[in-house]
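# What the coordinates show
Below are the chains, spelled out letter by letter.
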Amino acid sequence: MEAIQTFATSTLPQSQRLRYWNELAERIYAGTYINGDHSFHGRMQTWRLGELQMIRPAGGPSQVGRRHRTPGSSNIILHLQTRGRCRHRQGCGQDDIVLEPGDFVLSSAATGYEMDLEAHELLVVEFPGAPILQRCEALDSVLSRRIRATSLAGGRVLIDFLQSLWRQAGNAQFPIPGDASWQGAMANVFYDMLGLTLHESRLPRPAADASPPLARQLLRHVETHLGDPDLRTGSIAQALGVSPRTVQNGFATLGTTPSAHILNARLERAADRLTSDHATSITEIAFELGFNDSAYFARCFRRRYDASPREWRKRG
């Protein structure tokens, strides 16, 4: 089993960053390319667990694509949006789909695709198609389709499982076993969870679900804009075209307030980043998640987790 590797453009001159990122992407996922402007920056972790090839890329606005590969390639790629928004399209004649945090799409590795990304973070898994075909015979019907994982019981468990794997992979105190049987067992857990999620996504949904209620819109907006230091009741109301009172009432139905939910969401994301991304400093993580003051972030984190960010990172 390979150890997690971390790559970043932060140490490179601006003029070299995009070329370096393209060379890195081509080495990890053949045929992948990135287009961006002079301000491009990126950070990526890579990890292979048996037959699961996984990456966690993050960066600024850019276009990422993958060229058509040799016909007959049976691999499948899962793109899970964990931060920001993405417009995804695969093949000719396919409609674009928009991914928001908690959404994922499955793509065939044999067919080219493109993604227009805002400031973002993804979790990507490439794997053989045969095991998932055994669990989802109608695989073609869910390819290139937006799956709202966080609205599905199986999807939420799948996301938790993948994030937990990453946290444990970086835990030096309790290293993940490297034997093939253990890795194969974890891959089978992934396939089982993904198969259940795909089955659940194809079940009839209540008609009311086609138009998300206000609470769901509020949660999605916050999740997408956690890195905005100006995220607050007023900015949410303006973005959604409602009054501040409506935003407050919407969060009240969830048993919280806008400011409390934003803070908790930022701290939860920070807790995950601290244990899964050791290459990024604590201060950088705080600023990327909308905290303007690293000392304030540390105080809030200790109140929530009874440990400083540094202590939490060491535990993970």
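Up top is the structure these notes are about.
This write-up is about the structure you can find in this document. Since this is a predicted model, take the numbers as computed values, not measurements.

Reading the values: the criteria
- Residues numbered from 1 in each chain as written.
- Predicted model: local features only at pLDDT ≥ 70, side-chain atom pairs only at ≥ 80, totals over all residues.
- Heavy atoms only, no water.
- Helix = DSSP H or I, 4+ residues; strand = E, 2+ residues; numbered from the N terminus.
- Rg over C-alpha atoms; globule rule 2.2 N^0.38 Å.
- Buried < 20%, exposed > 50% of the residue type's maximum accessible area, 1.4 Å probe, protein only.
- Contact = heavy atoms within 4.5 Å.
- Areas by Shrake-Rupley, 256 points an atom, 1.4 Å probe, with all protein chains shown as cover.
- Lys, Arg positive; Asp, Glu negative; His and termini not counted.
- Charge placed at Lys NZ, Arg CZ, Asp CG, Glu CD.
- Axes fitted to C-alpha atoms, helices over the stretch in contact; angles between N-to-C directions.
- Parallel < 35°, antiparallel > 145°, perpendicular 65-115°, else oblique.
- Nonpolar A, V, L, I, M, F, W, Y, C, P; charged D, E, K, R; others polar.
- Pairing = 2+ DSSP bridges.
- Arc of directions from axis to C-beta.
- Core = buried A, V, L, I, M, F, W, Y, C linked by side-chain atoms within 4.5 Å.
- Salt bridge = Lys/Arg side-chain N within 4 Å of Asp/Glu carboxyl O.
- 1 Å grid on protein atoms, 1.4 Å probe; cavity = no way out; pocket = protein on both sides within 12 Å on 5 of 7 lines; lining within 4 Å.
- Points joined across faces, edges and corners; volume = space filled by probe spheres on them.

This part is about the overall build of the chain. Helix and strand counts for the chain come out as 11 helices and 12 strands. Against the compact-globule benchmark of 20 Å for 316 residues, the chain has a radius of gyration of 20 Å, which places it among compact chains. Across the 316 residues of the chain, 47% fall into the buried class. Taking all contacts inside the chain whose residues are at least 6 apart in sequence as the whole, residues at least 24 apart take part in 72%. Summed over all atoms, the accessible surface of the chain reaches about 15,000 Å², with 52% contributed by carbon and sulfur. Charged side chains in the chain number 36 positive and 32 negative. The centres of these two groups are separated by 4 Å.

Take the packing of helix α5 (residues 214–224) against helix α7 (residues 244–252) next. Running from N to C, α5 and α7 point in directions that differ by 100 degrees, and their axes come no closer than 9 Å. Classified by the interaxial angle, the pair formed by α5 and α7 is roughly perpendicular. Residues Leu214, Ala215, Leu218, Leu219 and Val222 of α5 lie in contact with α7, whose contacting residues are Thr246, Val247, Gly250 and Phe251. Split by residue class, the contact of α5 with α7 holds 7 nonpolar, 2 polar and no charged.

Here we take up the sheet that holds strand β11 (residues 120–128). One open sheet holds the 7 strands; their spatial order is β1-β3-β4-β11-β6-β9-β12, and the pairing between them is antiparallel. Only two strands of the sheet have a single neighbouring strand rather than two, namely β1 (5–8) and β12 (147–148). With 2 bridges joining them, strand β9 (residues 103–108) and β12 adopt antiparallel strand pairing. The partner of phenylalanine 104 across the bridge, within β12, is isoleucine 147.

Along the polypeptide, threonine 197 turns up in helix α4 (residues 180–201). Its relative accessible area of 0% is what places threonine 197 among the buried residues.

Here the focus is helix α6 (residues 233–240). Buried within α6 we find Thr233, Ile236 and Ala237. Down the axis, α6 shows its buried residues gathered within 100 degrees of arc, on one side only. Buried residues belonging to α6 abut α5, α7 and α8 (258–276). At the exit of α6 stands glycine 241, carrying a positive phi of roughly 70 degrees.

What follows is about the nonpolar core. Counting residues in each nonpolar core, the largest one holds 33 residues, and the members touching the most others are Phe104, Leu106, Phe127, Phe190 and Leu194. Listed by contribution, the elements that provide at least two residues to this core are β3 (42–49), β4 (52–59), β6 (75–83), β9, β11, α3 (153–169) and α4. Ranked by residues supplied to this core, first place goes to α4 with 7 residues. With sequence-adjacent residues up to four places away left out, phenylalanine 190 is seen in contact with Leu52, Leu78, Val125, Phe127, Leu158, Phe161 and Leu162. In this structure, Met44, Ile55, Cys86 and Ile97 belong to the second largest nonpolar core, which totals 21 residues.

Moving on, we come to the environment of valine 247. Tracing the sequence through the fold places valine 247 in helix α7. In sequence terms valine 247 and arginine 232 are 15 residues apart; their C-alpha atoms lie 9.9 Å from each other. In this structure valine 247 touches Leu218, Thr233, Ile236, Ala237, Val242 and Pro258, once residues within four positions along its chain are discounted.

This structure, assessed with the given rule, holds 20 salt bridges. One salt bridge connects aspartate 103 with arginine 220, and the closest N-O pair in it is separated by 3.6 Å. In this pair, aspartate 103 is assigned in strand β9 and arginine 220 in helix α5, connecting sequence segments 117 residues apart. You'll find aspartate 103 and arginine 220 in the same group, each marked buried. Across the pair arginine 304 and glutamate 268 runs a salt bridge, and its minimum N-O distance is 3.2 Å. Taken as a pair, arginine 304 in helix α10 (residues 294–305) and glutamate 268 in helix α8 lie far apart in primary sequence, 36 residues in all. Salt bridges sharing common partners tie together Arg85, Glu100, Asp103, Glu118, Arg146 and Arg220.

With that settled, the discussion passes to empty space enclosed by the protein. Tallied over the full model, the rule gives 2 cavities of 30 Å³ or more. In this structure, the largest cavity spans a volume of roughly 250 Å³. If you go around the largest cavity, you meet 24 residues; those closest to its centre are Ile34, Met44, Ile55, Pro57 and Val64. Top element by residues in the lining of the largest cavity is β4. It accounts for 4 residues. Partitioned by chemical class, the residues of the lining of the largest cavity number 16 nonpolar, 8 polar and no charged. Looking at the second largest cavity, the residues that line it are Arg43, Gln45, Arg56, Glu121, Arg273, Ser276 and Asp277. At the level of elements, β3 and α8 are the ones that each hand at least two residues to the lining of the second largest cavity. Residues that form the lining of the second largest cavity fall into these classes: no nonpolar, 2 polar and 5 charged.

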